[in-house]
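Here is how the chains run, residue by residue.
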Amino acid sequence: MQVQKNSVRRKILEIARKEFIVNGFKGTSMRTIAKKGEVNLSNIYNYFRNKDEIFREIVADVLTALGNMIERSNNFDDLDLFINDTEKYVREQIKMFIKLVDKFKEEFRLLFFKSAGSKLEDYREKCIEIHTQTEKRFIELAKQKYPSINNNVSEFFIHTMSSWFISSVAELVMHDLSGAELERFVSEYMNYSVAGWKKVMEIPE
């Protein structure tokens, strides 16, 4: 019985994902999901409380992955690499960025462009704020370990750079780039970004 229930649940999620991708959150109805999934409408509510819950589950993995990437790119373990071995730091960031975008392209499209009407419709702005606060902590960590670093960076500048990061992800998932084009852009972005931050923070080459 449990196996059968899991099968129905997976079917609902599979159909809902396809509908969200084509029609967006607002243009998708529970009735349509039920019909295409060959499930009674009332039965869907035995698995999910509402359409929002279905949507959140479909994008759950990308929410976790993006949050982990933001933390991973601004943590204490990478601080020495950022300061002392910039090339290795950039290589690792490039691999992480490419893997994230390549694996979750459709889910990012749902979050950034097709979530209107859902409880995640303002997620992009929330993500920018999370990134901003994480960058601020990273700068303070750098200052504690390397006192000569300039940590007098305006919050609006940090916010703008965080917005640029999220916008870059959005641009990448909006365009169908080849693997080589994706790698080239991410490499250019990371090299430019890291060099700029080291200049602003007055870290000698």
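Residues numbered from 1 in each chain as written. Predicted model: local features only at pLDDT ≥ 70, side-chain atom pairs only at ≥ 80, totals over all residues. Heavy atoms only, no water.

S.K.: So what exactly am I meant to see when it comes to the overall build of the protein chain here?
M.R.: Within the protein chain one finds ten helices and zero strands. In terms of overall dimensions, the protein chain has a C-alpha envelope of 65 × 35 × 30 Å along the principal axes. Burial statistics for the protein chain: of 205 residues in total, 44% are counted as buried. Summed over all atoms, the accessible surface of the protein chain reaches about 11700 Å², with 50% contributed by carbon and sulfur. A gap of 7 Å separates the mean positions of the 32 positive and 31 negative side-chain charges of the protein chain. (Helix = DSSP H or I, 4+ residues; strand = E, 2+ residues; numbered from the N terminus. Buried < 20%, exposed > 50% of the residue type's maximum accessible area, 1.4 Å probe, protein only. Areas by Shrake-Rupley, 256 points an atom, 1.4 Å probe, with all protein chains shown as cover. Lys, Arg positive; Asp, Glu negative; His and termini not counted. Charge placed at Lys NZ, Arg CZ, Asp CG, Glu CD.)

S.K.: Help me out: how do you make sense of the nonpolar core in this one?
M.R.: Looking at soluble globular proteins, one finds that nonpolar side chains tend to be buried together. Counting residues in each nonpolar core, the largest one holds 65 residues, and the members touching the most others are Ile54, Val59, Phe82, Phe97, Phe108 and Phe165. When neighbours within four sequence positions are excluded, Phe165 is seen to be in contact with Leu66, Met69, Ile70, Phe97, His131 and Tyr189. (Core = buried A, V, L, I, M, F, W, Y, C linked by side-chain atoms within 4.5 Å. Contact = heavy atoms within 4.5 Å.)

S.K.: What's the story with the pattern of salt bridges in this structure? I'm lost.
M.R.: Side chains that differ in charge, positive against negative, can pair when their charged atoms come close. As enumerated under the stated definition, the model contains eleven salt bridges in all. Close ionic contact of Glu107 with Arg17 constitutes a salt bridge, the shortest N to O distance being 2.9 Å. In this pair, Glu107 sits in helix H7 (residues 105–113) while Arg17 sits in helix H1 (residues 2–23), placing the two residues 90 residues apart along the sequence. A salt bridge links Glu188 to Arg184; the shortest N-O distance between them is 3.1 Å. Here Arg184 and Glu188 lie together in helix H10 (residues 179–200), a separation of four residues that amounts to about one turn. The structure contains a network of salt bridges with shared partners spanning Glu106, Arg109 and Asp176. (Salt bridge = Lys/Arg side-chain N within 4 Å of Asp/Glu carboxyl O.)

S.K.: So what exactly am I meant to see when it comes to helix H9 (residues 155–174) here?
M.R.: In this model H9 runs 28 Å from its N-terminal to its C-terminal C-alpha over 20 residues, within 8% of the 28 Å that 1.5 Å per residue would give. Along H9, the residues classified as buried are Ile158, Ser162, Phe165, Ile166, Ser168, Val169, Ala170, Leu172 and Val173. Looking at the buried positions of H9, the neighbouring elements they touch are helix H4 (51–72), helix H6 (86–103), H7, helix H8 (123–145) and H10. (Expected span 1.5 Å × (residues − 1).)

S.K.: Looking at this structure, how should I read H8?
M.R.: An α-helical segment advances 3.6 residues per turn. Residues three or four places apart therefore align on the same side. If you check H8, its first and last C-alpha atoms are 33 Å apart, about what 23 residues at 1.5 Å a residue would give, namely 33 Å. Residues Tyr123, Cys127, Ile128, His131, Thr132, Thr134, Glu135, Phe138, Ile139 and Ala142 constitute the buried set of H8.

S.K.: How should I be thinking about the packing of aromatic side chains in this particular structure?
M.R.: Any two aromatic rings considered together are summarised by their centre-to-centre distance and by the angle between their planes. Under the counting rule described, the total for this entry stands at 14 aromatic pairs. Taken together, a centroid distance of 5.1 Å and an interplanar angle of 85 degrees make the contact between Phe20 and Phe55 edge-to-face. You can see Phe20 sitting in helix H1 and its partner Phe55 sitting in helix H4, a full 35 residues away along the chain. Take Phe20 and Phe55: they sit in the same class, and that class is buried. Taking 6.5 Å as the distance between ring centres and 45 degrees as the angle between the ring planes, the aromatic pair formed by Phe165 and Tyr189 counts as tilted. (Phe/Tyr/Trp six-rings, centres within 6.5 Å; stacked < 30°, edge-to-face > 60°.)

S.K.: What should I look at first to understand the side chain of Asp52 in this one?
M.R.: Relative to the helices and strands, Asp52 is located in helix H4. Lys119 provides the closest opposite charge to the buried, unpaired Asp52, separated from it by 5.3 Å. When near neighbours in sequence (up to four residues on either side) are disregarded, Asp52 contacts Phe25, Gly117, Ser118 and Lys119.

S.K.: Help me out: how do you make sense of the environment of His159 in this one?
M.R.: When you line up the elements, His159 lands in helix H9. Excluding residues within four positions of it along the chain, His159 makes contact with Ile128 and Thr132.

S.K.: When you look at the packing of H4 against H6 in this model, what are you seeing that I'm missing?
M.R.: A pair of packed helices can be characterised by two numbers: the angle between their axes and the separation between those axes. It is the contact of H4 with H6, at a shortest axis distance of 11 Å, that shows an interaxial angle of 170 degrees. Here H6 runs roughly antiparallel to H4, going by the angle between their axes. Where H4 approaches H6, its residues Ala65, Leu66, Met69 and Arg72 are matched on the opposing element by Glu92, Gln93, Met96, Phe97 and Leu100. Looking at the contact of H4 with H6 residue by residue, the classes come out as six nonpolar, one polar and two charged. (Axes fitted to C-alpha atoms, helices over the stretch in contact; angles between N-to-C directions. Parallel < 35°, antiparallel > 145°, perpendicular 65-115°, else oblique. Nonpolar A, V, L, I, M, F, W, Y, C, P; charged D, E, K, R; others polar.)

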